Amino acid sequence: MFPAAFDYAAPTTLGEALALLEQRGDEAKIMAGGQSLIPLLKLRFAQPALVIDIGRLPAMAGIGRDNGHLSIGALARHVDIERNADLPKLCPILVETVHWISDPLVRNRGTMAGSVCHADPSGDWGSVMLALDASLVAHSQSGERVIPADGFFQGPFTTTLRPDEIVTEIRLPMPKGPAGGAYNKLERKVGDFATVAVAVYVELSGGKIANAGIGLTAVGETNIKATAAEKALIGHEPTDELIAEAARLASEAAHPKDDIRGTAAYKKDVVRVYVQRGLKTALGRAKESKS
Ligand SMILES: Cc1cc2nc3c(=O)[nH]c(=O)nc-3n(C[C@H](O)[C@H](O)[C@H](O)COP(=O)(O)OP(=O)(O)OC[C@H]3O[C@@H](n4cnc5c(N)ncnc54)[C@H](O)[C@@H]3O)c2cc1C
């Protein structure tokens, strides 16, 4: 199917892109890698009057440390994360997750920020962002806004981003002590969207869990932050009983539906098993890490 007709703009500065959004934000769509937007246009689920291709904006694809956080530019593609030489040490869960996303064709064009802005509850990055307590930096003509990932996802394909805003960067806090993460995904075949997936992150201090993050994929209307499970872990020594309790609480936070990928009850149990498994892996990695 062909998309409905639309105007196309390819600004070369952020200021130009923001001015276009200010004028026509309500009827415009930003395009980054186009890996989610173009299928929507072709199916005519989206019929914007204007597509603003931000692919030519300079200085938005960088990945690196900046003022105590890890900065991922909004135009950093999945493949840039896959191939970045520093990320296996700086934030290994990103490198583990990116391999679960589709195939090299999609990873060559799609961006992490595009994926997060798309807000597909089955998207993998959203859960990692929630587990890592990421923030999104958004620009409009009124200035800059830093939006915590927790609260960003409002519903399926819906976020708190305003029509006049462009996400320019994703910020991930750097760990304060030994840290580890894990992303476990159940999929029907290689490259498929998740039946269920779970992102887990822990930081240790003095043998106790100082910080914990758990994000759930494809088990609700949005990626879900399993807050009660996180709270249960923080401040405690990581025993088998504690891990089992956190896994139970995370499963309670999941609200999956029966579908061709499995029943709701099955998916809730996969959440429990994957949180348990992910926590054990993440804790092992935290103990091995030197930071
Ligand atoms: C066959 C196939 C399989 C896939 N499998 C997976 C998978 O297994 N797991 C997974 O997580 N994803 C999967 N995806 C989605 C893929 O990860 C996309 O790359 C991603 O969802 C969107 O990134 P993009 O840069 O292509 O965004 P685009 O398609 O360009 O944009 C997506 C949405 O985000 C908005 N947007 C993009 N960038 C910005 C910005 N900087 N500021 C504001 N709004 C912005 C757009 O307006 C649009 O609404 C798959 C896609 C395909 C086609």
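Below is a summary of the structure that appears in this document. Just so it is clear, the model here is predicted, and its values are computed rather than measured.

### Considerations on the pairing of strand β11 (residues 179-187)
Reasoning step 1: Among the nine residues in β11, eight count as buried, and that is most of the element.
Reasoning step 2: Direction of pairing for β11 relative to strand β12 (residues 194-205): antiparallel, over a ladder of nine bridges. Considered in β12, the bridge of A179 is made with E203.
Reasoning step 3: Following β11, the chain reverses through six residues before pairing antiparallel with β12; G191 in that reversal takes a positive phi of roughly 90 degrees.

### Re the pattern of salt bridges
Reasoning step 1: The final tally for this structure, using the stated rule, is 19 salt bridges.
Reasoning step 2: Put simply, E187 and K185 hold a salt bridge, and the shortest N to O gap is 3.7 Å.
Reasoning step 3: Exposure remark for E187: the relative accessible area of 18% places this residue in the buried category.
Reasoning step 4: For K185, a relative accessible area of 5% puts it in the buried group.
Reasoning step 5: A salt bridge links R248 to E252, with the nearest nitrogen and oxygen atoms 2.7 Å apart. Linking R248 with E252, this pair stays in helix α10 (residues 240-253), spanning four residues, or about one helical turn.
Reasoning step 6: A relative accessible area of 36% places R248 in the partly exposed class.
Reasoning step 7: Look at E252 and you get partly exposed, because its relative accessible area is 48%.

### What about helix α8 (residues 124-131)?
Reasoning step 1: When you tally the buried positions in α8, you get eight out of eight residues, the bulk of the element.
Reasoning step 2: All of the buried residues in α8 are D124, W125, G126, S127, V128, M129, L130 and A131.
Reasoning step 3: Trailing α8 by a residue or two, D133 shows a phi angle of about 55 degrees, which is positive.

### Let's talk about the pairing of strand β6 (residues 135-140)
Reasoning step 1: Most of β6 is tucked away: six of the six residues are buried.
Reasoning step 2: Burial along β6 is two-sided: S135, V137 and H139 and L136, A138 and S140, pointing in opposite directions, are all buried.
Reasoning step 3: As paired strands, β6 and strand β7 (residues 143-148) are joined by six bridges and run antiparallel to one another. The residue bridging L136 from the neighbouring strand is I147, located in β7.
Reasoning step 4: Counting the residues in the hairpin turn of β6 and β7 gives two residues.
Reasoning step 5: Relative to strand β10 (residues 166-173), β6 runs antiparallel, the two sharing five bridges. Residue pairing across strands places H139 opposite I166, the latter belonging to β10.

### Comments concerning the layout of surface pockets
Reasoning step 1: Taken as a whole, the second largest pocket spans an internal volume of roughly 560 Å³.
Reasoning step 2: As for the second largest pocket, its lining consists of 23 residues, and the residues nearest its centre are K89, L90, P92, A179 and S289.
Reasoning step 3: Secondary-structure elements contributing two or more residues to the lining of the second largest pocket are α4 (87-90), α5 (92-98), β10, β11 and α11 (264-288).
Reasoning step 4: Within the lining of the second largest pocket, the residues separate by chemical class into 13 nonpolar, four polar and six charged.

Parameters at a glance
Residues numbered from 1 in each chain as written. Predicted model: local features only at pLDDT ≥ 70, side-chain atom pairs only at ≥ 80, totals over all residues. Heavy atoms only, no water. Buried < 20%, exposed > 50% of the residue type's maximum accessible area, 1.4 Å probe, protein only. Helix = DSSP H or I, 4+ residues; strand = E, 2+ residues; numbered from the N terminus. Pairing = 2+ DSSP bridges. Salt bridge = Lys/Arg side-chain N within 4 Å of Asp/Glu carboxyl O. 1 Å grid on protein atoms, 1.4 Å probe; cavity = no way out; pocket = protein on both sides within 12 Å on 5 of 7 lines; lining within 4 Å. Points joined across faces, edges and corners; volume = space filled by probe spheres on them. Nonpolar A, V, L, I, M, F, W, Y, C, P; charged D, E, K, R; others polar.

Keep in mind that these numbers describe shape and distance, not what the molecule does.
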